[in-house]
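Spelled out, the chains give:
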Amino acid sequence: VSVEWQVSEIPGGLELRLSGKIDEKFDIAPVVSAARPAKRVAVRLSGLRAISSLGMRTFEGLVGALRDGRELSLVEVSPALATQLTLIPNLCAGARVESAWLPFACPSCGAEVSAAVPWKSTGHIEAAPTCECGAKMELDGLPEQYLP
Ligand SMILES: [Zn+2]
């Protein structure tokens, strides 16, 4: 199985955690049916390592099915998906993207972490983590690669 998923309750709805790699073999039917009772669904994507190009279509189908009559948000969008979202902004039309889960590096000691940042052009500056050595960490990559 390339995709692992897990549903848990959150205030007012359900949280769906997706991790692994999404390709065309990902069967969205059981996921959609698990989310059916919820009025609000948050999809947490920090564990999503990769999406193939056919997997993008599968993911679009999942977003379309989940937002049907619901409030749908995407949280902690991983670099693999953030890159696609910046290239194709309509990809997840109807879903609110709340945050991205991005790689940071310390300019002083070289430490690396991932952190959640708000989904906006200045998100990586506003939410830059502070390193254990005390320095402000910097996004490992170009902001336009990951943020709108
Ligand atoms: Zn450091």
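Scroll up to find the structure.
Please read these numbers as outputs of a predicted model, since none were measured by experiment. Note on numbering: residues in each chain are counted from 1, in written sequence order. Predicted model: local features are reported for residues with pLDDT of at least 70 only, side-chain atom pairs are reported and counted for 80 or more only, and whole-chain, interface and lining totals are derived from all residues. To obtain the side-chain values, all non-hydrogen atoms of the structure were included, while hydrogens and water were left out.

A. Spotlight on the coordination of the zinc ion. Coordination of the zinc ion by the protein is provided by Cys106 (SG), Cys109 (SG), Cys131 (SG) and Cys133 (SG), with metal-donor distances spanning 2.3 Å. With water excluded from the atoms, a metal site may look incomplete; its donors are any N, O or S atoms within 2.8 Å, or within 3.2 Å for Na, K and Ca. In these descriptions, tetrahedral denotes four donors with every angle between 85 and 135 degrees, square planar four donors and octahedral six donors with opposite donors over 155 degrees apart and the rest between 65 and 115, and irregular any other case. Here the zinc ion binds four donor atoms, and the angle range of 102 to 121° at the metal identifies the geometry as tetrahedral. When the donor residues of the zinc ion are listed from N- to C-terminus, their spacing reads C-x2-C-x21-C-x1-C. Exposure classes here rest on a 1.4 Å probe applied to the protein chains alone. A residue is buried below 20% of its type maximum, exposed above 50%, and partly exposed in between. For Cys133, a relative accessible area of 42% gives the class partly exposed.

B. Just the pairing of strand β7 (residues 112-118), in detail. By this definition, two strands are paired if DSSP reports at least two bridges between them. Every helix listed is a DSSP run of H or I at least four residues long, and every strand listed is a run of E at least two residues long, numbered separately from the N terminus. When strand β6 (residues 99-105) meets β7, the two strands line up antiparallel, connected through seven bridges. Its bridge partner lying in β7, Ser99 is registered against Pro118. Counted along the chain from β6 to the antiparallel partner β7, the turn is six residues long, and its residue Gly110 has a positive phi close to 85°.

C. Inspection of the sheet that holds β7 at higher detail. The strand order across the open sheet built from three strands is β7-β6-β8, with neighbouring strands paired in antiparallel fashion. Each edge of the open sheet carries a strand with a single partner, namely β7 and β8 (138-139).

D. Region of interest: unusual backbone geometry. Notably, Glu76 is not glycine yet its phi reads approximately 50°, a positive angle. With respect to the element layout, Glu76 can be found in the loop between β4 (71-75) and α3 (79-87).

E. Quick peek at the pattern of salt bridges. Salt bridge, as used here: a side-chain nitrogen of Lys or Arg that lies within 4 Å of a carboxyl oxygen of Asp or Glu. With the rule as written, the count across this model stands at eight salt bridges. Here Arg40 makes a salt bridge to Glu71, at a shortest N to O gap of 3.8 Å. On the criterion of sequence distance, the pair formed by Arg40 in strand β3 (residues 40-51) and Glu71 in strand β4 is long-range, its members being 31 residues apart. The partly exposed category is assigned to Arg40, whose relative accessible area is 26%. Using a relative accessible area of 43% as the deciding quantity, one classes Glu71 as partly exposed. Because the salt bridges share partners, they merge into one network encompassing Glu15, Arg17, Arg44 and Glu76.

F. Structural context of the side chain of Arg70. Its place among the elements puts Arg70 in the loop between α2 (53-67) and β4. This buried residue, Arg70, is left without a salt bridge; Asp68 holds the nearest opposite charge, at 5.9 Å. Polar contacts involving the side chain of Arg70 include one to the main-chain carbonyl oxygen of Ala35, which spans 3.5 Å. The residues contacting Arg70, other than those within four sequence positions of it, are Ala35, Arg36, Ala38, Lys39, Val41 and Ala65. Positive: Lys, Arg. Negative: Asp, Glu. His and the chain ends are not part of the count. A 3.5 Å cut-off defines polar contacts: any pair of N or O atoms within that distance qualifies, except that in protein one atom must be a possible hydrogen donor and the other a possible acceptor, and neighbouring residues in sequence count only when both atoms are side-chain atoms. We call two residues contacting when some pair of their heavy atoms lies within 4.5 Å.

G. Quick peek at the sheet that holds strand β1 (residues 3-10). Read from one edge of the open sheet, five strands run β1-β2-β3-β4-β5, paired in mixed fashion. Sheet topology places β1 and β5 (96-97) at the edges, where each strand pairs with a single neighbour. The pairing of β1 with strand β2 (residues 13-22) spans eight bridges and is antiparallel. Looking at β2, one finds that Glu4 is bridged to Ser19. Across the sheet, α2 is in contact with β2, β3 and β4; its angle to β2 comes to roughly 175°. On the sheet, α3 packs against β3 and β5 and is oriented at approximately 105° with respect to β3. Only C-alpha atoms enter the line fits that serve as axes; for helices the fit covers just the stretch in contact. Angles between N-to-C directions range over 0 to 180 degrees.

H. Molecular detail of the environment of Leu16. Looking at the secondary structure, you find Leu16 in strand β2. In this structure the C-alpha to C-alpha distance between Leu16 and Val43, which are 27 residues apart in sequence, comes to 4.7 Å. Not counting residues within four places of it along the chain, the set of residues in contact with Leu16 comprises Trp5, Gln6, Val7, Val31, Ala42, Val43, Arg44 and Leu66.

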